[in-house]
Structure formats: structure tokens, C-alpha cells
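These are the residues of each chain, in order.
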2 protein chains.
Amino acid sequence: MSGNGGDRGRVATIFDVARVAGVSHQTVSRVLNDLPNVRPATRERVVEAIAELRYVPSQAARALVTRRSRTIGLVATGLPDFGPASTVRAVNESARDAGYAVITMSLAGAEVPSLRSAAEMLIRQAVEAIVLVVDERAALRAFDGWELGVPLVAVASANRDRALRVAIDQYRGARAAVSHLLDLGHRDIRHIAGPAGSMDAEERLRGWQESLVEAEAPLTEPLRGDWSPDSGFRAGQRLLADGVPGAVFVASDQMAVGLLHALATAGLRVPEDVSVVGFDDIPEAAHLSPPLTTLRQDFVGLGQDAMAAVLAILQDDQSPRYPEPRLPQLILRSSTRPV
Amino acid sequence: MSGNGGDRGRVATIFDVARVAGVSHQTVSRVLNDLPNVRPATRERVVEAIAELRYVPSQAARALVTRRSRTIGLVATGLPDFGPASTVRAVNESARDAGYAVITMSLAGAEVPSLRSAAEMLIRQAVEAIVLVVDERAALRAFDGWELGVPLVAVASANRDRALRVAIDQYRGARAAVSHLLDLGHRDIRHIAGPAGSMDAEERLRGWQESLVEAEAPLTEPLRGDWSPDSGFRAGQRLLADGVPGAVFVASDQMAVGLLHALATAGLRVPEDVSVVGFDDIPEAAHLSPPLTTLRQDFVGLGQDAMAAVLAILQDDQSPRYPEPRLPQLILRSSTRPV
DNA sequence: GGGTGGGGATCGGGGAGCAAG
DNA sequence: ACTTGCTCCCCGATCCCCACC
């Protein structure tokens, strides 16, 4: 059912188009590249010939001579969670709008060797830039002092870094979460953090700590999860072993799902017994029991920022300025209440 | 801080490597392509020269002459939900293991024009095959009778189709869900389906209907959602307007989250008043209240099947056989109970 | 002088043919 | 027989120079 088109696999070249259109290959090239000095009628004939032959210019040949692949690379680590997946998607769409194709390398872990080999594979594919969507600080370090030969844009919330970087301000988001609880009169606010080594987790943890210190509220040991609901559940159980806190700031909505489960299992009500604030605003957040108060992140905007940065570098080659981090937005629902 | 390596942008070619290694470019090429008849000592010198010059073969030049880009295309539609995102990820990893780079085109909608232009962009990039990760039947039809020139593998659950296709058996999964409820003694089993036009939704709907018919249980009008928790919540409200059913089979866990919310809001308990079965087994499912009984799909295995099919075609060029659809697995938790 | 054609170099490798160590 | 080098063409575009109308 799949006729080979009869051409025995041979595809049309620019010369075939020229012959059919009755012009020179030179003129076809002018049309292809939108160069001036082509009479409309001539252009028309060329366009028709292209359609008739179903001619597709060889990207390889063009890339060879122009030294531009019209392609960028994307390295993503971790699980395909809602946030990163949305950001990756947005980078993809923005890139396409700008005429770039995106080659994606997704890695389960963030080991330096696999990161490097992924990047090398991208370099071999002649990508013009690489976008990193990573959360692990170690993943970023894999690129430290490594001259790739192409610009690198990191989507990462490291608080100090010389590399070009776009981010959402996790620190201020966390402060907003804790402020909200403080404003409600809570003092014993515990924290379920993300995994050690996660830049987002560290920034949120720092925001939580500093807010408590400034408010002179008691500082406790944070619990650790790995972003998964399972880990949130287990952290919740460990947390309850220390007694019932007035409020918990959870570093992600997914972990909050697990925490809510642990609280319910222990016979505790939210928000009557415990107030809970999450982070991310995943689509499920509004429908948990109770609906979760959380911090919304603009993952799509983040991806767009990343691609905008890439385009800026590709054009000017200078300008190490990057956009201000976006601010998460507090979404009030029903999982918190005054003391 | 980004020294240009001193080479003024010029990169090493195969001839540079040959000169440094003191051999001919011919020999370098032999080494690069693992051809026989190269003395180990010579190979060694070449490898060293490559490392010293940080030489990277030009993929463009190689593709030009070999007519192989070592690249495959991936078109994905819809939101970056857990299932599709996991599958896409798995395709990426399997491809990398096989030495292929993946160019991804993600589309929010599934309109024919954007699908076609995405595919054309992939063709221009000279991909050797295209993988479709789509749910909308219309998206599949955009490729009907269109001779792309490259093999196409669809990850889609259409029940009748001549294209090469890998899938999870949605129909049988739905039957397992309904059987479970039937076995518990339920007779009035309602269904919250996915959006019209979704192949997965149609298959699950069909499984629900046929199971009920065979069991001579009452058939009702299914509700419709769009996979989102919000839509599940609204469908739940509409459903309750008809009265309280004994059980509900929801076409996705995400929508089940919304349904649980609607039921709780109405003062109904799960499973005491209503039994609920979901579909997908998202990571949150085990921690909802109550923990959700659902059908687990092997999204990663699905992605691997897709890539395996691609490789099979790329090698053989024949063999329109494809793997048997995988079966979803019933995961029993606490959202169902006997009448 | 705007529109067009012809010829040829070039990009960076793959590979054939043949000679030679 | 095995290993290696040389020379030259090829892939399919871009682009430059120059001529022509």
C-alpha cells in the first residue's frame, strides 16, 4: 500500500526543479532563499515546479555550506513531571515558531558521563545552541568549564551562576508561601523539601528558613522527599512522629498529595488541624481534598524565556543579560486557615 | 569567559586529523566507520589525534553522502500529561540507545494543517522515520494517503487501521475495569468518558458498553470530559444530577480526581456510597482519598515498542507486522467495594 | 540596471580504483 | 594477503564572478 512514488528512491534536486521550471539552478536558489531580483512570474514558475516535483531541499547540503543547521538541542533530566514537561513543550513550540527544530535528549538520572555524552551527541548533530532543563545542581556542573562551542542556556534556579540562565524565582515563591501561613498566625511551620541536590528544592528550603528566622518562629529540621507522591506520604508519616504541626509547607504539589494522604490516614483534618501549602499548581491541585493552596509557576512562560534567550544569543552573540526570574503566584484555596 | 579555543571558529576536519596522526584521510575514515583492515597501532594514533583536536565529524557532510541522517522525527499532540510524556520520553531514550537523535514537534491541538506542516518540517530535516504519539483520530487521518517518503509508526489505539501501529489495548482494559465492578455485584455502572474524537476514549467507552450489554446491566448515557481534573469534576456534578450511581468507571485518573472531589462535595463517600475505577495509574493514584483502584498502562514499554518498530522497518524495509498490544493491569486499591 | 544564466569553487566527508610497501 | 596512501569524483546545496539581454 506504500508505492515508492516510482522514483526508485531518487529525490528531486535543485537542478531538476530548474529544468522543469525552465530556469537556472541559480534562480531556483534565489527563490528558495527569498532573495530579491526575481520577477514575480519567474518565481511563480519555480514555485510550481517545486510543488510538482514535491521537491524538498536537502537540509544536509544546505547545512554543510551555510554552517547553520537550524536546529537546537535540549537536554532534560528527571521524570516527565508536569512542570518540566510543560517547559520542554513550550521550548519546542517557541523553537518551531522561530524556524528551529529541536533535538531532545532526555535522561533519567543526572550523571555527569551521560550528560556529557548526550551533549556530545547534540554537538555531532551540529545544533546551534543547547538548552538545559535540569533541576540537579550536579547536572549544571557537568558543563562547568567545558567549552562546547555552542551557546548554552540553562533553565535552572541556581542562585549564583555565571552561565546564561532563565528561571522562576523559587526563593521568593517559598517566602510567599510561608508569609501566607505566618499571616494566618501560624508559628510552627514545617517543611517537606525536595531532594538534596535539587536547585529548586534548595531555593525553596532557603526561602522557608529565612522567612522563619526573620519572623523569629521556631526553626525545625526539614523532611526530604524526591518530588513523588509516595515520598510525600512517607515524609508525612515521619513528620507526624514528631507531633502534629500547625502548618506544613510542601515543596511540590505532588508531594502534597502524599502528605494529605498521610494526614487523613492519621485522622487529621486539613485545614482544621493542619494547614498545608504546596508548590507548582498542578492541574489536580484544585480538586484534592481539600483543594490545595499553592504557588503557581508559569512553566510555559519559562520555556518561552529560554527560547527567547537562545534567539538573542544566536543573533547578537553578545549580551549576557537574561530576563528577570518570573514570580510564582499564590493561589488561595482551602487547605489553609487561621490558627 | 568563553575563549573561542583560539581557532577562530574553524573546526577540525578529517584532513586535520589525518595530518596530525600522520596517516591519510582514507585511514581516518576507516577508523571512524569501524572498517576492518586497520592495524591496531594505526587506529590508536588516529584515535589520539581525534581526541587531541577534539574532532567531531560533520553530521551534515556525512548525511549528505550516506543519505542517512541518523535522526527520527516525533510528533506529539495534546497536553503534556503523564502518559504521553512518559511514552515520548521512552521513545527518546530507546532512540538514543540505538544511535538515533530525535527531533520532536509538539502541537497543542491536532489540526490537520499544523500536523502537516510539522511533518513537513521533519521531512526537511531528513528524518529517517516519523513516530506519531497522538490520541485524536483526526490526527491520524491527517496522514492518510499521504506519501511521506519515510516510514510512519503510530502510537495509537485505533481498532482498525492499516498503518504500522503500536498500542495498549484500551478496550480490554476497560472490560477489566467493568468486570471488576460487575464481580463486586454492581449493576448501575456509569462512565465518564474522554473527549469525542479521542481513540483511547472511544475504545474505553466501547469496552464499558459491551461489558454492560453482555452482563445485561442497564446501559446509560456516558458523560464526557476532556481528560482534565476540572472536566472530571464537572462531569461528576452532571452525573449526580441523575441520581447517585452505585459505581463509576472513569476514563482517566486525572478525571477521577475531579470526580472524587465532586462526590466529596456532595457528601458522598467512596467506596461506601459509590465505587470508582480510574485508568492510567498516575503516581498520585495511590494517595488520593481514597486510594484509587485503576488500570495501569505501561507507557514506557509502549515507547520502547514504538522505537523497536522503527528500527525493524529501517532494517528490513518490509514486515508490516507489529507487536501485540500490551494489556493494562488492574491495580486494586480502596475505591471500590461490594454492593 | 534589474533580471537571469553559466560555470565553477566550496562545504566535509564517503568511497572507488589503483599502486605500493 | 593485509595495510596504507593517492587521486579523483560524488552527495546537494550556496554563492561568487561574469556575461547577456
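Predicted, not measured: the structure shown is a model, and the values here were computed from it.

**Some remarks on the interface of chain B and chain A**
On the chain A side, the residues contacting the 55 residues of chain B number 55 residues. Where chain B abuts chain A, roughly 4500 Å² becomes buried across the two surfaces, and 56% of that area is made up of carbon and sulfur atoms. Taken together, chain B and chain A are joined by zero salt bridges. Counting every contact that joins chain B to chain A gives 17 residue pairs in polar contact (both at pLDDT 80 or more). Broken down by secondary-structure element, the contributors of at least two residues to the side of chain B that touches chain A are helix H4 (59-66), strand S1 (71-77), helix H5 (82-97), strand S2 (101-107), helix H6 (112-124), helix H10 (229-241) and helix H11 (253-265) of chain B. When residues in the side of chain B that touches chain A are grouped by element, the largest group, seven residues, is from S2 of chain B. The residue makeup of the side of chain B that touches chain A, split by class, is 27 nonpolar, 19 polar and nine charged.

**Concerning the nonpolar core**
Counting 54 residues, the largest nonpolar core has Met 105 and Ile 130 of chain A together with Met 105, Ile 130, Leu 132 and Phe 143 of chain B as its most contacted members. The dominant element in this core, judged by the number of residues it contributes, is helix H6 (residues 112-124) of chain A, at six residues. With sequence-adjacent residues up to four places away left out, Leu 132 of chain B is seen in contact with Val 75, Leu 140, Phe 143, Leu 152, Val 153, Ala 154 and Val 155 of chain B. Counting 48 residues, the second largest nonpolar core, distinct from the first, contains Met 255 and Leu 268 of chain A together with Val 248 and Val 250 of chain B.

**Observations regarding the domain arrangement of chain A**
Where the parts come together, the accessible area they lose is often given as the size of the interface. Parsing chain A into structural domains produces domain 1 (14-63), domain 2 (67-168 + 299-326) and domain 3 (170-296). For domain 1 of chain A and domain 3 of chain A, the distance between their C-alpha centres works out to 61 Å.

**Concerning the sheet that holds S1 of chain B**
Pairing is mixed in the open sheet, where 10 strands are placed in the order S5(A)-S4(A)-S3(A)-S1(A)-S2(A)-S2(B)-S1(B)-S3(B)-S4(B)-S5(B). Of all the strands in the sheet, just strand S5 (165-166) of chain A together with strand S5 (165-166) of chain B have a single pairing partner and so form its edges. Sheet strands in contact with H6 of chain A are strand S1 (71-77), strand S2 (101-107) and strand S3 (130-133) of chain A together with S2 of chain B, and its direction is about 165° off that of S2 of chain A.

**Focus: the pairing of S1 of chain B**
Look at any regular strand and the pattern is simple: side chains alternate between the two faces of the sheet. Residues and elements named next belong to chain B. Among the seven residues in S1, seven count as buried, and that is most of the element. Here S1 shows a buried face lined by Thr 71, Gly 73, Val 75 and Thr 77 and a second buried face lined by Ile 72, Leu 74 and Ala 76. Two elements, S1 and S2, share seven bridges in a ladder whose sense is parallel. Among the inter-strand pairings, Val 75 is bridged to a residue of S2, identified as Met 105.

**Examining the protein's contact with DNA strand C**
The full set close to DNA strand C counts 29 residues, and Thr 27, Asn 37, Arg 39 and Thr 42 of chain A together with Gln 26 of chain B are the nearest of them. Each atom of DNA strand C within 4 Å of the protein belongs either to a base or to sugar and phosphate, the latter forming 66%. One of the side-chain N or O atoms of Arg 67 of chain A is found 2.8 Å from a phosphate oxygen in DNA strand C. A distance of 3.0 Å separates a sugar or linking oxygen of DNA strand C from a polar side-chain atom of Tyr 55 of chain B. Of all elements in the fold, only helix H2 (25-32) and helix H4 (59-66) of chain A together with helix H2 (25-32) and H4 of chain B reach the threshold of two or more residues within the surface near DNA strand C. In terms of residues, the surface near DNA strand C owes the most to one element, H4 of chain B, which gives five residues. Split by residue class, the surface near DNA strand C holds 11 nonpolar, 14 polar and four charged.

How each quantity is defined
- Each residue is numbered by its place in its chain's sequence as written, counting from 1.
- As a convention, the first chain written is A and the first ligand written is 1, with the rest following in written order.
- Since the coordinates come from a predicted model, pLDDT governs what is reported: local features require at least 70, and pairs of side-chain atoms require 80 or more to be given and counted, while whole-chain, interface and lining totals use all residues.
- Note: side-chain values were computed over all heavy atoms of the structure, leaving out hydrogens and water.
- We call two residues contacting when some pair of their heavy atoms lies within 4.5 Å.
- The term buried area refers to how much accessible surface (probe radius 1.4 Å) is lost by two components on association, counted for both of them together.
- Salt bridge, as applied in this entry: a Lys or Arg side-chain nitrogen positioned within 4 Å of an Asp or Glu carboxyl oxygen.
- By the criterion applied in these results, polar contacts are pairs of N or O atoms within 3.5 Å in which, for protein atoms, one can donate a hydrogen and the other can accept it, and in which residues neighboring in sequence qualify only through two side-chain atoms.
- Each helix is a run of DSSP H or I of at least 4 residues and each strand a run of E of at least 2, with the numbering of both proceeding from the N terminus.
- Side-chain classes follow a simple rule in which Ala, Val, Leu, Ile, Met, Phe, Trp, Tyr, Cys and Pro form the nonpolar group, Asp, Glu, Lys and Arg form the charged group, and the remainder, Gly included, forms the polar group.
- Only buried residues count toward a nonpolar core. Its members are Ala, Val, Leu, Ile, Met, Phe, Trp, Tyr and Cys residues joined through side-chain atoms within 4.5 Å.
- Exposure categories follow from relative accessible area, calculated using a 1.4 Å probe and restricted to protein chains: below 20% of the type maximum is buried, above 50% is exposed, and the middle band is partly exposed.
- Domain extents, as shown, originate in an automatic or database domain assignment.
- Strand pairing is assigned whenever DSSP detects at least two bridges linking the two strands.
- Orientation is described by axes fitted as lines to C-alpha atoms, over the contacting stretch for helices, and by angles from 0 to 180 degrees between their N-to-C directions.
- Neighbouring residues are identified by heavy atoms, a residue being near a molecule or strand if any of them is within 4 Å of it.

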